[in-house]
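Residue strings, one per chain:
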Amino acid sequence: MVQWIMECVTTVSYSILINGGLTNRFQARKGLRQGDPMSSYMFVLVMEYLSRTLKTFKDIPDFNFHPRCVKLNLTHICFADDLIMCCRADKISIQLMLDKFNHFSKVTGLIENLDKSSIYVAGVSQGFKDMISADYQFKIEALPFKYLGVPLSSRKLTIQQFYIKKQDFNTMSTPSQACWLVRKVFDIRDWYLSIDSFANINNYCRKGQFNIQKAYTLARPQFQKVHWKALILGSTIPRHNFILWLALHHRITTVDRLEAWGIQVASGCVLCSSEKIETMAHLFFECQYSRNIWSTLLNWLGERHQIGLWEEEVVWLTKRAKNGRPRNSILEFLFAAVVYHTWTERNMRRFQGRKTETKSRIRDIVLQLHIKGQQKTK
């Protein structure tokens, strides 16, 4: 292959146009014309030699890989003529790496452009940086920096570090090279200022740096926190959780709510066959059906608790939920299941005319609890 390449390189001849006249032809000895389709293949072959040369570091005991590259034995990243070489920040490793690169330059004739070359050092003293700067001709730069348009850093980058830096967030222009999300953060500055005529973007900064989390939190409507939040955040079945959430907001469509909307239905409770109007307070837990299920499950757990009205049960369970003991998590699960199965039974009786005894409902709830427990232990 080398002979083929050299044949293509050395058999070509050139003639130069000077002041409108052509010079005599002369033979080429090395190199390719600009735009030659063979140049890309030639470059890949040459850089392969550099790659194989740098891979020999794993056999050199004095060389230390970069701490994040030890497992992969990674020493370099190359894309076209953009090259990153990495090692641990000690003088021996740096010198060995430069010796390999200088050998490559001597063999191939490809020499680094010092104006475009830099050394990035992190996690070392300023004295070590000064020594590196004095011993080598490369510029000492600071992280983060861009490689092929991608920001690289030793830690997670913030918008302040990469885009704002020392500029004023209030007046600086939206960075065109930023991703869509970051551009939107900049574009809504006027909206944030319009919330309050005396607002200041600096209110959304933390320790002098713009903080997205703080800006989002302050922009959200501030509602009063509910005391039963822990009941919703428990490890319950999603459909149980949804019905419980509606019940806690008094949003389930009981008869009293339907009548308020002008919908006429039979007002009596279909679960206990009483003449009492079906309301939230009656379903949970004045109704004998839901009360029997909840009481049986509490006795099964060995809980000595006098069942009260809906609000009283919510307050009692909320206090228990603040304690992260497994037993309290089981109580949360059972409470959500009782609310769900009670509401499901009510709908079946009112709209389908079918009934399920409390024993069957209790058996289903206990079975669901065991299945949920097995899933959490896997």
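If you're wondering where the values come from, they're calculated on a predicted model, not measured in any experiment.

Conventions and cut-offs
- Residues numbered from 1 in each chain as written.
- Predicted model: local features only at pLDDT ≥ 70, side-chain atom pairs only at ≥ 80, totals over all residues.
- Heavy atoms only, no water.
- Helix = DSSP H or I, 4+ residues; strand = E, 2+ residues; numbered from the N terminus.
- Expected span 1.5 Å × (residues − 1).
- Buried < 20%, exposed > 50% of the residue type's maximum accessible area, 1.4 Å probe, protein only.
- Core = buried A, V, L, I, M, F, W, Y, C linked by side-chain atoms within 4.5 Å.
- Contact = heavy atoms within 4.5 Å.
- Phe/Tyr/Trp six-rings, centres within 6.5 Å; stacked < 30°, edge-to-face > 60°.
- Lys NZ or Arg CZ within 6 Å of the ring centre and 35° of its normal.
- Salt bridge = Lys/Arg side-chain N within 4 Å of Asp/Glu carboxyl O.
- Disulfide = S-S within 2.5 Å.

> What am I meant to see in helix α15 (residues 326-352) here?
The periodicity of an α-helix, 3.6 residues per turn, causes residues three or four positions apart to be oriented the same way. Between its terminal C-alpha atoms α15 stretches 38 Å, which fits the 39 Å expected from 27 residues at 1.5 Å a residue. Summarising burial for α15: 19 of the 27 residues are buried, a large majority. Gly 353 occupies a position one or two residues after α15 and carries a positive phi of about 70 degrees.

> Would you mind going over unusual backbone geometry with me for this structure?
Comment: phi is negative for the bulk of residues other than glycine, and the bulk of peptide bonds are trans. With an omega of 0 degrees, the peptide bond between Phe 284 and Phe 285 qualifies as cis. Positionally, Phe 285 belongs in helix α12 (residues 280-286). Look at Asn 73: it is not a glycine, yet its phi comes out positive at around 55 degrees. Considering the arrangement of structural elements, one finds Asn 73 in the loop between α2 (39-55) and β5 (76-79). A positive phi angle, close to 55 degrees, is found at His 250, a residue other than glycine. For His 250, a relative accessible area of 35% translates into the label partly exposed.

> For this particular structure, what's the right way to read the nonpolar core?
Side chains of nonpolar character tend, in soluble globular proteins, to be buried together. Core analysis: the largest hydrophobic core is formed by 43 residues, its most contacted members being Leu 244, Trp 294, Trp 310 and Phe 335. Ignoring sequence-local partners within four residues, the contact set of Phe 335 consists of Leu 244, Phe 285, Trp 294, Trp 310, Glu 313, Val 314 and Leu 317. By size, the runner-up hydrophobic cluster in this structure holds 18 residues, among which are Met 47, Phe 101, Ile 119 and Phe 138.

> Where do I start with the packing of aromatic side chains in this structure?
The geometry of an aromatic ring pair is captured by two quantities: the separation of the ring centres and the angle between the planes. According to the stated counting rule, one finds 12 aromatic pairs in the structure shown. Seen in terms of ring centroids, Phe 242 and Trp 245 are 6.5 Å apart; in terms of plane orientation they differ by 20 degrees. Their pairing is stacked. Taken as a pair, Phe 242 and Trp 245 lie in helix α10 (residues 238-248) at a separation of three residues, close to a single helical turn. Of the residues examined, Phe 242 reaches a relative accessible area of 48% and is grouped as partly exposed. Ring centres of Phe 285 and Phe 335 lie 6.1 Å apart, and the angle between their planes is 50 degrees; this geometry places the pair in the tilted category. Remark: Phe 335 occurs in helix α15 and Phe 285 occurs in helix α12; sequence separation between them is 50 residues. The same class applies to Phe 285 as to Phe 335, namely buried. One residue, Lys 100, lies across the ring of Phe 57, its end atom 6.0 Å from the ring centre.

> Explain the pattern of salt bridges to me, please; I cannot follow it from the model alone.
Once their charged atoms are close, side chains differing in charge can pair, the charge on each being opposite to the other. Enumeration over the complete set of coordinates arrives at nine salt bridges. Residues Arg 350 and Glu 278 are paired through a salt bridge, measuring 3.2 Å at the closest nitrogen-oxygen approach. Residue Arg 350 is found in helix α15, and its partner Glu 278 is found in the loop between α11 (255-260) and α12; the two are separated by 72 residues along the sequence. In terms of burial, Arg 350 and Glu 278 fall into one category: buried. A single network of salt bridges, built from pairs that share partners, joins Glu 278, Arg 346 and Arg 350.

> Would you take a moment to explain the state of the cysteines for this structure?
Such a bond, covalent and formed between the sulfur atoms of two cysteines, is termed a disulfide. The tally for this structure, following the rule as stated, stands at zero disulfides. Of all cysteine sulfurs, the one in Cys 86 lies closest to Cys 69, which takes part in no disulfide; the gap is 4.0 Å. With relative accessibility at 10%, the residue Cys 69 sits in the buried group.

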